[in-house]
Amino acid sequence: MKRRTLNLGLMATAITLSVATQAQTKWDLPAAYPATNFHSLNLAQFATDVDKASGGKLKITVHANASLFKAPEIKRAVQGGQAQAGEILLANFSNEWPIYAADGLPFLADSYDEGMKLYKAQKPLMEKKLAEQGMVLLYSVAWPPQGIFSKKPINSAADLKGIKWRSYSPSTARIAELVGAQPVTVQAAEFTQALATGVVESTMTSGATGVDSKLYEHLKYYYDVQAWLPKNAVIANKKAFDALDKATQDAVMKAAADAESRGWTESRKVNDTTLATLKANGMTVTAPSPQLKADMKKVGDTMLKEWLEKSGAEGKALVDAYNHK
Ligand code: PCA
């Protein structure tokens, strides 16, 4: 009798286990920034929220700091199903489709409010494009505004001539060309090393990446140009998403909406705290001189013109929609 009870107990456990394994889905989510970066922390929270809201049915593992795929490879990995989801920097994909990189244009949208307006205009176009490419947009969050980091003081664009300039996207490389600097593309995960070995001596990025990569150990000046707010986007493979049951899909989309609003709020805070950290570590953090700002605006005008030529009617429609939001 005792033995029989025990067997039944074991059987029940086995059944529960097999149901649980059958019903549990695992997703890998490659990301390109350090685990302590605010985007990565937000992703970790997103994964926890999805786990809870789906009753443990969907487990998402976030692979931060380009540990699974390098930044420019993440989109293709999600598209091809090597990863079920991923976080990408939209501005990295301007050659594929200019609309992705509209947020990388200097001074088109240069504050959080304008950045959100631009996102709202971009979103339906991006959702359509991603669907055509077999993907789903989960959420998107802006980086803090971009400024210039440099070893030497910069009073005008002329001071950037010949300087070794770290770029992270086609548009940041184009800026370098337009001011006569030497662009070297280095993704965030390799930035500290590139600085230490003297491969680069300046860049345009946020205070957030400045702190992540400890730029204050090598660079002295930060000019808070507030030129644009590039966005990260979290995307999923459409087949992987469609394979989830409806309740789990809803849990993902709800957690994504929460992550999006949390991320934008956090980005503003991180902008303030990281600029303070740069100062505390001995950097001179100032507004750009009127000349430098005017020079960078000119660069922005040229780039907008080039972008409008490249993006055609779609680009014009986006800018019009943005101006009317
Ligand atoms: N940090 C990322 C992209 C934009 C930003 O603020 C980087 O520098 O690679």
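The structure under discussion appears in the preceding block.
Predicted, not measured: the structure shown is a model, and the values here were computed from it.

(A) Local environment of the sheet that holds strand 8 (residues 202-205). Pairing is mixed across the open sheet formed by six strands, whose spatial order is 7-6-8-5-9-11. Strand pairing shows two members of the sheet lacking a second neighbour, strand 7 (182-185) and strand 11 (284-286), which therefore form its edges. For this sheet, the mean angle separating the axes of adjacent strands, direction not counted, is 25 degrees. Pairing analysis gives three bridges linking strand 5 (residues 147-150) to strand 9 (residues 221-223), with the strands arranged antiparallel. The residue bridging Ser150 from the neighbouring strand is Tyr221, located in strand 9. Across the sheet, helix 5 (residues 170-179) touches strand 6 (164-167), strand 7 and strand 8, and the angle it forms with strand 6 is around 160 degrees.

(B) Structural context of the pattern of salt bridges. Under the defined criterion, the tally for this structure stands at 14 salt bridges. For the salt bridge of Asp51 with Lys59, the shortest nitrogen-to-oxygen distance reads 3.1 Å. By relative accessible area, Lys59 is classed as partly exposed at 30%. Linking Lys231 and Asp103 is a salt bridge whose minimum nitrogen-to-oxygen distance equals 2.9 Å.

(C) Spotlight on the layout of surface pockets. Its volume calculated, the largest pocket comes out at about 270 Å³. Lining the largest pocket are 13 residues, and of these Ser94, Ser171, Arg174, Glu306 and Lys310 lie nearest its centre. Only helix 5 and helix 10 (290-323) provide two or more residues apiece to the lining of the largest pocket. If you tally residues by element for the lining of the largest pocket, the top one is helix 10, at four residues. Residues that form the lining of the largest pocket fall into these classes: six nonpolar, four polar and three charged.

(D) View of the environment of Phe38. On the secondary structure map, Phe38 appears in helix 2 (residues 38-53). Phe38 sits 228 residues away from Glu266 along the chain, and the two C-alpha atoms are 7.2 Å apart. Once residues within four sequence positions are removed from consideration, Phe38 is found in contact with Val141, Ala142, Trp143, Pro144, Ala208, Gly263, Glu266, Ser267 and Val270.

(E) Fine view of the nonpolar core. With 85 residues, the main nonpolar core has Trp27, Phe46, Leu138, Tyr139 and Met204 as its most contacted residues. Broken down by element, this core gets its largest block of residues, eight residues, from helix 10. Ignoring sequence-local partners within four residues, the contact set of Leu138 consists of Phe46, Val234, Ile235, Ala236, Val252, Met253 and Ala256. Grouped together as the second largest cluster of nonpolar side chains are 14 residues, Phe149, Phe191, Leu219 and Met283 included.

(F) Geometry of empty space enclosed by the protein. Going through the model one piece at a time under the given rule, you end up with two cavities of 30 Å³ or more. Its volume calculated, the largest cavity comes out at about 100 Å³. Contributing to the lining of the largest cavity are Tyr33, Leu89, Trp143, Gln146, Arg166, Tyr168, Gln187, Ala188, Thr205, Ser206, Thr209 and Pro230. Of the residues that constitute the lining of the largest cavity, the class distribution is six nonpolar, five polar and one charged. Volume-wise, the second largest cavity comes out at about 60 Å³. Lining the second largest cavity are 13 residues, with Asp103, Ala109, Gly115, Leu118 and Leu229 sitting closest to its centre. Of the residues belonging to the lining of the second largest cavity, the class tally is nine nonpolar, two polar and two charged.

(G) Structural context of the sheet that holds strand 4 (residues 135-142). Ordered by their spatial adjacency, three strands build an open sheet running 3-10-4, and the pairing between neighbours is antiparallel. With one partner strand each, in any of the chains shown, strand 3 (85-89) and strand 4 form the two edges of the open sheet. Adjacent strand axes in the sheet meet at a mean angle of 25 degrees when their direction is disregarded. Where strand 3 and strand 10 (residues 231-237) come together, five bridges link them in antiparallel fashion. Within strand 10, the position partnered with Leu89 by the bridge is Asn232. Sheet strands in contact with helix 2 are strand 3, strand 4 and strand 10, and its direction is about 130 degrees off that of strand 4. Each of strand 4 and strand 10 touches helix 9 (residues 246-280); the most contacted strand, strand 4, lies at about 20 degrees to it.

(H) Molecular detail of the pairing of strand 2 (residues 58-63). In terms of strand pairing, strand 1 (residues 25-30) meets strand 2 through six bridges, oriented parallel. Within the sheet, the bridge partner assigned to Asp28 lies in strand 2 and is Thr61. Crossover handedness for the path strand 1 to helix 2 to strand 2: right-handed.

The rules behind each value
- Residues numbered from 1 in each chain as written.
- Predicted model: local features only at pLDDT ≥ 70, side-chain atom pairs only at ≥ 80, totals over all residues.
- Heavy atoms only, no water.
- Pairing = 2+ DSSP bridges.
- Helix = DSSP H or I, 4+ residues; strand = E, 2+ residues; numbered from the N terminus.
- Axes fitted to C-alpha atoms, helices over the stretch in contact; angles between N-to-C directions.
- Contact = heavy atoms within 4.5 Å.
- Salt bridge = Lys/Arg side-chain N within 4 Å of Asp/Glu carboxyl O.
- Buried < 20%, exposed > 50% of the residue type's maximum accessible area, 1.4 Å probe, protein only.
- 1 Å grid on protein atoms, 1.4 Å probe; cavity = no way out; pocket = protein on both sides within 12 Å on 5 of 7 lines; lining within 4 Å.
- Points joined across faces, edges and corners; volume = space filled by probe spheres on them.
- Nonpolar A, V, L, I, M, F, W, Y, C, P; charged D, E, K, R; others polar.
- Core = buried A, V, L, I, M, F, W, Y, C linked by side-chain atoms within 4.5 Å.
- Right-handed = clockwise from strand over helix to strand, strands pointing away.

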